[in-house]
Amino acid sequence: MSTTKGSAGQKTFRQLEHELDEILVRVEGASYEDLDDLLKDHSDGMTIINQLEDKLKKAKNSIIKAKK
Amino acid sequence: MTSDDNLDFGVPAFDVVGAVAVLNQTLEYALPNMRIVGELASFKIAKNQWVYADIKDDYAKLRLFGTIYNLPGPLEDGMTVEVVARPQIHPQYNFSLNIISIRPVGEGHIKKAADLLKAKLDKEGLFDPSRKRLIPHPPARIGLIASVQSAAYADFIKIMDERWSGVNVEVYDAHVQGEKAEDDIVRGLKYFNERLDVDVVVLTRGGGSADDLAVFSVEQVVREVSASRVPTCVAVGHEVDTSLAELAADMRASTPSNAAELLFPDKEDMRERIRQNKFILDNLLTRRLEGEEIRIARARTDLAGMVEEVLARSKESVEQSKKILEMAHPKTAMKRGFVLVQAANGKLVSSVGQLQVDDNISMTLADGKAELTVTKLDKDLK
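Residues numbered from 1 in each chain as written. Chains lettered and ligands numbered in written order. Predicted model: local features only at pLDDT ≥ 70, side-chain atom pairs only at ≥ 80, totals over all residues. Heavy atoms only, no water.

### Side note on the overall build of chain B
So the rule is basically this: A run of H or I in DSSP becomes a helix once it reaches four residues, and a run of E becomes a strand once it reaches two; helices and strands are each numbered from the N terminus. Relative accessibility decides the category of a residue: with a 1.4 Å probe and only protein chains considered, values under 20% of the type maximum give buried, values over 50% give exposed, and everything between is partly exposed. We call two residues in contact whenever any of their non-hydrogen atoms come within 4.5 Å of each other.
Within chain B one finds 11 helices and 13 strands. Out of the 382 residues in chain B, the part that is buried amounts to 35%. Taking the contacts inside chain B whose residues are at least 6 apart along the sequence as the reference set, 60% of them involve residues at least 24 apart.

This is how it looks when you write it as structure tokens:
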């Protein structure tokens, strides 16, 4: 996985998407032995989704501002 | 009485050469120069240098002698000319008038002489339009050849001052008609050409008879105008016949006032033109800016639209991922009646093969947990 960071030191949208894809592949495979592993992946996935949604919201606001 | 007797009575006696010398001295004292108007006859040029001709009227004829440098231009038999000459008796060739200057007189003859000269100079290319040079507009410094007492001079200066300002004018006061005119004009042209610090030489005079204006078609004047290193403007106040000097000049004006009009723009016209150009430029610029604003606004909308599409697709993808993740959470399945089975060591149990009879296991449901003991195993459940 790329280690490139965004300008503010945070992960880029693309990097977060990549990490989420990896989690989804594991979750859909349902090959967990430990419930905690499943719950951790779920929690990490939701965190990434929140970050992605936040980035999308900010981008949307930028577009609205730019259109004015 | 005999001839000897006459000598005795005080009549002077000479040998021939002595008589010629005395007669020349007498002529020089009594009549050094004379002006004669008559018809030119037997005109010829020998060795491209010596001029021989007769000047005559109905009753008499006199011999003329001179050089081509005395000529105003081509002449021909039948022309009426005014000759200024020095009478002299040559020891071998008898009496003749040595030409000092000669010029055609009478409108028809002046025109005829000008036509002959025009044809000659035209053939040499002096009037070729390709020789005309551009004159700075407006010129900052001008050399003006004119008679300062003339109305032409006053008109030129007046119109120039009305139209423009800050022009440096240097005047060469010259006769512009009569005997001294040719020399004055040629000297004036040479003077400004030697200085080379003027943008244009203006040669001007007001209107007049063909005789008055004849100097502007004299060969030497025309050649000097043509050869001028400084661009020239010749303005002679007449409209019918154009003088040869005008044809040879870089710019021709019909009158002294017209010369000033051609050389100098009108300040007020210039201001008005600048105002109009500013108005046109302002309009052009405003329209251009408006066009650019519209173009940029469209680009802004287009760009925003494209980015919004990408964002929408990304949002959809994220939402899809969220649904998958939510579906994968154990509680989602438990709410539908599924249970989570864990061995005593906490490992998830997904196969009967992981269990044995009497194993203690736990079963997690949507709202709680139960502890169980395995009593029977059936591996063939379909």
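### Focus on the interface of chain A and chain B
Defined as follows: A simple way to read buried area is as the amount of 1.4 Å-probe accessible surface that goes missing from two parts once joined, with both sides added. Basic side-chain nitrogens of Lys or Arg form a salt bridge, by our definition, when they fall within 4 Å of a carboxyl oxygen of Asp or Glu.
With 26 residues of chain A at the contact, the number on the chain B side is 21 residues. With both sides pooled, the region where chain A packs onto chain B buries about 2,200 Å², and carbon together with sulfur makes up 74% of that total. Counting across the chain A and chain B interface gives three salt bridges. Two residues, E33 of chain A and K347 of chain B, come together in a salt bridge whose shortest N-O distance is 3.9 Å.

### Thoughts on the packing of aromatic side chains
Residues and elements named next belong to chain B. So the rule is basically this: Side-chain rings of Phe, Tyr and Trp, where Trp is taken by its six-membered ring, are said to pair if the distance between their centres is within 6.5 Å; with planes under 30 degrees apart they count as stacked, over 60 as edge-to-face, and otherwise as tilted.
In total, this model carries four aromatic pairs over all chains according to the counting rule given. Plain terms: the ring middles of W50 and F65 are 5.9 Å apart, the flat faces sit at 20 degrees to each other, and that makes the pair stacked. Placement of the pair is W50 in strand β2 (residues 50-56) and F65 in strand β3 (residues 61-67), with a sequence separation of 15 residues. With a centroid separation of 5.4 Å and an interplanar angle of 50 degrees, the aromatic rings of Y52 and F65 are classed as tilted.

### A word on a nonpolar patch on the surface
Put simply, the rule is: Exposure above 30% relative accessible area and the lack of any salt bridge qualify a residue for a patch; like charges then connect within 9 Å, and the nonpolar side chains Val, Leu, Ile, Met, Phe, Trp and Tyr within 5 Å. Residue burial considers only the protein chains on display, and all accessible areas are found by Shrake-Rupley using a 1.4 Å probe.
Side chains of F279, I280, L281 and L284 of chain B sit close together on the surface and give an oily, nonpolar patch of about 430 Å² of accessible area. Position of L284 of chain B among the secondary structure elements: in helix α10 (residues 267-328).

### Brief notes about the nonpolar core
Residues and elements named next belong to chain B. For clarity, the cut-off: Take the buried Ala, Val, Leu, Ile, Met, Phe, Trp, Tyr and Cys residues and link them wherever side-chain atoms come within 4.5 Å; each set so joined is a nonpolar core.
Grouped together as the largest cluster of nonpolar side chains are 30 residues, with contacts concentrated most on I145, F216, V225 and V234. Every element with two or more residues in this core is listed here: α3 (107-124), α5 (181-195), β8 (200-205), α7 (219-227), β9 (232-236) and α8 (244-248). Setting aside anything within four residues of it in sequence, one finds F216 in contact with V176, I185, L203, R205, V222, V234, V236, S243, L244 and A245.

### Comments concerning the side chain of S147 of chain B
Residue and element names in this part refer to chain B. With respect to the secondary-structure elements, S147 resides in the loop between β6 (141-146) and α4 (151-163). Classification of S147 as buried rests on a relative accessible area of 17%. Beyond its immediate sequence surroundings of up to four residues, S147 is in contact with Y153, D173, A174 and V176.

### Some thoughts on the packing of helix α1 (residues 13-29) of chain A against helix α2 (residues 35-67) of chain A
All names here are of chain A. Going by this rule: Note on geometry: axes are lines fitted to C-alpha atoms, helical ones only across the stretch in contact, with angles between N-to-C directions running from 0 to 180 degrees. To sort the angles, those under 35 degrees are grouped as roughly parallel, those over 145 as roughly antiparallel, those from 65 to 115 as roughly perpendicular, and the leftovers as oblique. For any pair of crossing helices, the crossing counts as left-handed if the nearer helix is rotated counterclockwise from the farther one by less than a right angle, and right-handed if it is rotated clockwise.
The interhelical angle for the contact between α1 and α2, taken along N-to-C directions, is 150 degrees, at an axis separation of 10 Å. The angle between α1 and α2 places the two elements in the roughly antiparallel class. For α1 against α2, the interelement crossing comes out left-handed. Each of F13, L16, E17, E19, L20, I23, R26 and V27 in α1 lies in contact with α2, whose residues at this interface are D41, D44, G45, I48, I49, Q51, L52, K55 and L56.

### Digging into a negative patch on the surface
Residue and element names in this part refer to chain B. Cut-off, in case you're wondering: When charges are tallied, Lys and Arg are placed among the positive residues and Asp and Glu among the negative ones, while His and the ends of the chain are skipped. Note on charges: their place is set at NZ of Lys, CZ of Arg, CG of Asp or CD of Glu.
A cluster of like negative charges, contributed by E39, D57, D58 and D77, occupies part of the molecular surface. Among the secondary structure elements, E39 is positioned in strand β1 (residues 34-46). For E39, a relative accessible area of 34% corresponds to the partly exposed category.

### Observations regarding α7 of chain B
Taken residue by residue, α7 of chain B has E219, V221, V222, E224, V225 and S226 of chain B as its buried positions. Where the residues of α7 of chain B are buried, they touch α3, α5, β8, β9 and α8 of chain B.

### Concerning the sheet that holds β6 of chain B
Residues and elements named next belong to chain B. What counts here: Following DSSP output, two strands are said to pair if at least two bridges run between them.
Overall, parallel pairing links the five strands, which are arranged β7-β6-β8-β9-β10 in an open sheet. Lying at the two open borders of the sheet, with one neighbouring strand each, are β7 (168-173) and β10 (251-253). Sheet twist, expressed as the average angle between the axes of neighbouring strands with direction ignored, equals 20 degrees. Of the strand pairs in this sheet, β6 and β8 are connected by four bridges, and their pairing is parallel. When the bridges of β8 are listed, I142 appears paired with V200.

### So, unusual backbone geometry
Residues and elements named next belong to chain B. P138 follows H137 through a cis peptide bond whose omega is 0 degrees. Within the element layout of this structure, P138 appears in the loop between α3 and β6. The backbone of S42 shows a phi angle near 55 degrees, a positive value even though the residue is not glycine. Looking at the element boundaries, S42 is found in strand β1.

### Some remarks on the side chain of S314 of chain B
With respect to the helices and strands, the residue S314 of chain B is situated in helix α10. Since its relative accessible area comes to 13%, S314 of chain B is described here as buried. Beyond its immediate stretch of four places on either side in the chain, S314 of chain B contacts F13 and L56 of chain A.

### Side note on the sheet that holds strand β13 (residues 369-373) of chain B
Residues and elements named next belong to chain B. A sheet is described by the order of its strands in space; here three strands give the open sequence β11-β12-β13, paired in antiparallel fashion. A single partner strand is all that each edge strand has here, and the edge strands are β11 (340-343) and β13. The mean inter-strand angle of the sheet, taken between neighbouring strand axes irrespective of direction, is 25 degrees.

### Side note on the pairing of β6 of chain B
Residue and element names in this part refer to chain B. To keep it simple, the criterion reads: Seen with its strands pointing away from the viewer, a crossover is right-handed when the path leading from the first strand over the helix to the second is clockwise.
The buried fraction of β6 amounts to five of the six residues, a majority that puts the element mostly inside the structure. Direction of pairing for β6 relative to β7: parallel, over a ladder of six bridges. Opposite I145, over in β7, you have Y172 as the bridge partner. Each parallel crossover has a hand, and the one from β6 via α4 to β7 is right-handed.

### A few points about the pattern of salt bridges
One pass over the structure, following the stated rule, counts 28 salt bridges over all chains. The partner of E17 of chain A in a salt bridge is R14 of chain A, with the nearest N and O atoms 2.7 Å apart. Highlighted residues: E17 of chain A and R14 of chain A, both in helix α1, separated by three residues, approximately one helical turn. On the accessibility criterion, E17 of chain A (16% relative accessible area) is buried. The residue K322 of chain B makes a salt bridge to E53 of chain A at a minimum N-O spacing of 3.7 Å. Within this pair, whereas K322 of chain B is found in helix α10, its partner E53 of chain A is found in helix α2, the two belonging to separate chains. With a relative accessible area of 23%, K322 of chain B lands in the partly exposed category.

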